[in-house]
Amino acid sequence: MPAEQILSNARLVTADRMFLGSVVLRDGLIADIAEGRSQLPQAQDLDGDFLLPGLVELHTDNLEKHMTPRPGVDWPSTSAVLSHDAQIIAAGITTVFDAVSIGDVNPKGNRMQKLPAMLNAIASAESAGLTRAEHRLHLRCELCHPDTLSVFRDLVENPLVQLVSVMDHSPGQRQFVLESKYREYYMGKYHLNDETMDAFIKLQMANSKEYSDRYRAAIVEHCLARGLSVASHDDATLAHVEESARYGMTIAEFPTTLEAARGCQELNMKVLMGAPNVVRGGSHSGNVAAAGLAAEGLLDILSSDYYPASLLQAAFVLADQQDGGDLSRAVKMISLAPAHAAGLSDRGEIAIGLRADLVQAKKSRDGLPVVQQVWRQAKRVF
């Protein structure tokens, strides 16, 4: 890697504006920013493409698809991590919080058994310098599972863990207020018949009653003592939001209603919604639309959730819909805002002194952003 690089003739997307300019990279950091083209012969001409800060992803379960590409197929864990990493970096994501789920509600699943292999593979690939994105861990804690608290205590000391979320996917509340939607989702996902589904619902409701409140309190207390960011999940009512705020949570993942999102803003919780929700034009669960929250000024962070390429695409969709193509506000939702929510102050913005994590993208004829190059700490990784 050269001691100094100059990226010129790019549409720079900073935190507050977009302009044609040049960026100087030195020692892994952004050393200078200037309007206009550089006249130096060593400058790399980006042909007027967009230059964005590297994307920061707080919540993706994309790794699980690579660990289990088909039902009953367990892929070698290191190979799975590197395939996942390649997809992440190709989407322009330079910092990713890999979400691993504690508490498998699938009656036929083996998620819990795979956790040690997943975590070890991520840590080994990261420490060996094999990954192109920077990987951290997000522990997703399903509160209505008997073993969640004990497994959480075993995993939370991993140094890559920097984000924890607590969730309760039992029927009749939050994401699944309507039992019909709950049945539709889980019968399709886990291939359950009516009889098995009835037993599944009964068990989840009983477990929620027995464990959820107690586990939520214990997990959040432990996280705050360690200085970890904590997120709520699927808040549906003002009461849910007030409870989350009382616990000291600072991120609200996927609030399901306008009421909950407004409550989050009033109580200084950052609202995180799915980028696929924006790209598809609405929630697959029938909940509030992310673009609607953005129009109300109630959306802070986007997450690719289950589809990495949706993150950049959603930012362009929102910018075209609401800001006349100016990407500044939307790009903050996929870079600066998630970085700060997770306690990362050294990245997420094209600004002097910050990490040179950058993405070059151009628009296709139909408006789709296409990633051309990616730099992590000034090193080209895609």
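Up top you'll find the structure we're talking about.
Quantities reported herein were computed from a predicted structural model and do not represent experimental measurements. (Residues numbered from 1 in each chain as written. Predicted model: local features only at pLDDT ≥ 70, side-chain atom pairs only at ≥ 80, totals over all residues. Heavy atoms only, no water.)

**Q** Would you explain the overall build of the protein chain in this entry?
**A** A count of helical and extended segments in the protein chain gives 13 helices and 16 strands. Among the 382 residues that make up the protein chain, the fraction classed as buried is 55%. Long-range contacts, defined as pairs at least 24 residues apart, comprise 65% of the intrachain contacts of the protein chain with a sequence gap of at least 6. Total accessible area computed for the protein chain in this model is approximately 16000 Å², and 50% of it derives from carbon and sulfur atoms. With 36 positive and 47 negative side-chain charges, the protein chain shows a spacing of 3 Å between the two charge centroids. (Helix = DSSP H or I, 4+ residues; strand = E, 2+ residues; numbered from the N terminus. Buried < 20%, exposed > 50% of the residue type's maximum accessible area, 1.4 Å probe, protein only. Contact = heavy atoms within 4.5 Å. Areas by Shrake-Rupley, 256 points an atom, 1.4 Å probe, with all protein chains shown as cover. Lys, Arg positive; Asp, Glu negative; His and termini not counted. Charge placed at Lys NZ, Arg CZ, Asp CG, Glu CD.)

**Q** How do you make sense of the packing of aromatic side chains when you look at a structure like this?
**A** The description of two aromatic rings rests on the distance between their centres and on the angle between their planes. Applying the stated criterion across every chain yields a total of two aromatic pairs. For the pair F50 and F316, a centre-to-centre distance of 5.3 Å together with 90° between the ring planes defines the contact as edge-to-face. Pair noted here: F50 is in strand β5 (residues 50-53) and F316 is in helix α11 (residues 310-322), with a separation of 266 residues, a long-range link. Note on accessibility: F50 and F316 belong to one class, buried. The ring of F19 carries the charged tip of R17 above its face, separated from the ring centre by 4.0 Å. (Phe/Tyr/Trp six-rings, centres within 6.5 Å; stacked < 30°, edge-to-face > 60°. Lys NZ or Arg CZ within 6 Å of the ring centre and 35° of its normal.)

**Q** Looking at this model, I keep getting lost on the pattern of salt bridges. Mind explaining?
**A** Side-chain pairing between opposite charges can occur once the charged atoms of the two side chains come close. Here the structure, examined in full by the defined rule, presents twelve salt bridges. The partner of D323 in a salt bridge is R329, and the shortest N-O contact between them spans 3.2 Å. Accessibility expressed as a relative area gives 36% for R329, which makes it partly exposed. A single salt-bridge network, built from bridges that share partners, covers E134, R136, D346, R347, R355 and D357. (Salt bridge = Lys/Arg side-chain N within 4 Å of Asp/Glu carboxyl O.)

**Q** Please explain helix α6 (residues 194-226) as it appears in this structure.
**A** Count 3.6 residues to each turn of an α-helix, and residues three or four apart come out pointing the same way. Largest kink in α6: about 45°, centred on Y211. Count one or two residues on from α6 and you reach G227, which has phi positive near 75°. (Bend = angle between axes of the 7 residues up to and from the residue.)

**Q** Could you clarify how one ought to interpret helix α4 (residues 148-155) in this entry?
**A** Within α4, the full set of buried residues consists of T148, L149, V151, F152 and L155. The buried residues of α4 occupy an angular sector of 165° when projected down its axis, which confines them to one face. (Arc of directions from axis to C-beta.)

**Q** What is the right way to read the sheet that holds strand β6 (residues 55-60) from this model?
**A** Either a parallel or an antiparallel arrangement is found when strands of a sheet pair, and the pairing is made through backbone hydrogen bonds. An order of β6-β7-β8-β9-β10-β11-β12-β13 is seen for the eight strands of this open sheet, with the pairing classed as parallel. Of all strands in the sheet, those bounded by a partner on one side alone are β6 and β13 (301-303). Across the sheet, the mean angle separating the axes of adjacent strands is 25° when strand polarity is ignored. Here four bridges tie β6 to strand β7 (residues 93-102), and the two strands are oriented parallel to one another. For V56, the partnering residue across the bridge sits in β7 and is T95. Of the strands in this sheet, β6, β7 and β8 (134-142) touch helix α2 (residues 77-90), which is tilted by about 135° from β7. (Pairing = 2+ DSSP bridges. Axes fitted to C-alpha atoms, helices over the stretch in contact; angles between N-to-C directions.)

**Q** How should the pairing of strand β10 (residues 229-233) be read in this particular structure?
**A** A regular strand carries its side chains on alternate faces of the sheet. Counting buried positions over the five residues of β10 gives five, a clear majority of the element. The alternating pattern of β10 places S229, A231 and H233 on one face and V230 and S232 on the opposite face, and all of these are buried. Inspection of the sheet shows strand β9 (residues 161-167) paired to β10 by three bridges, in the parallel sense. Looking at the pairing, L163 lines up with S229 of β10. A crossover connection joins β10 to the parallel strand β11 (residues 251-253) through helix α7 (residues 238-246); in handedness this β-α-β unit is right-handed. (Right-handed = clockwise from strand over helix to strand, strands pointing away.)

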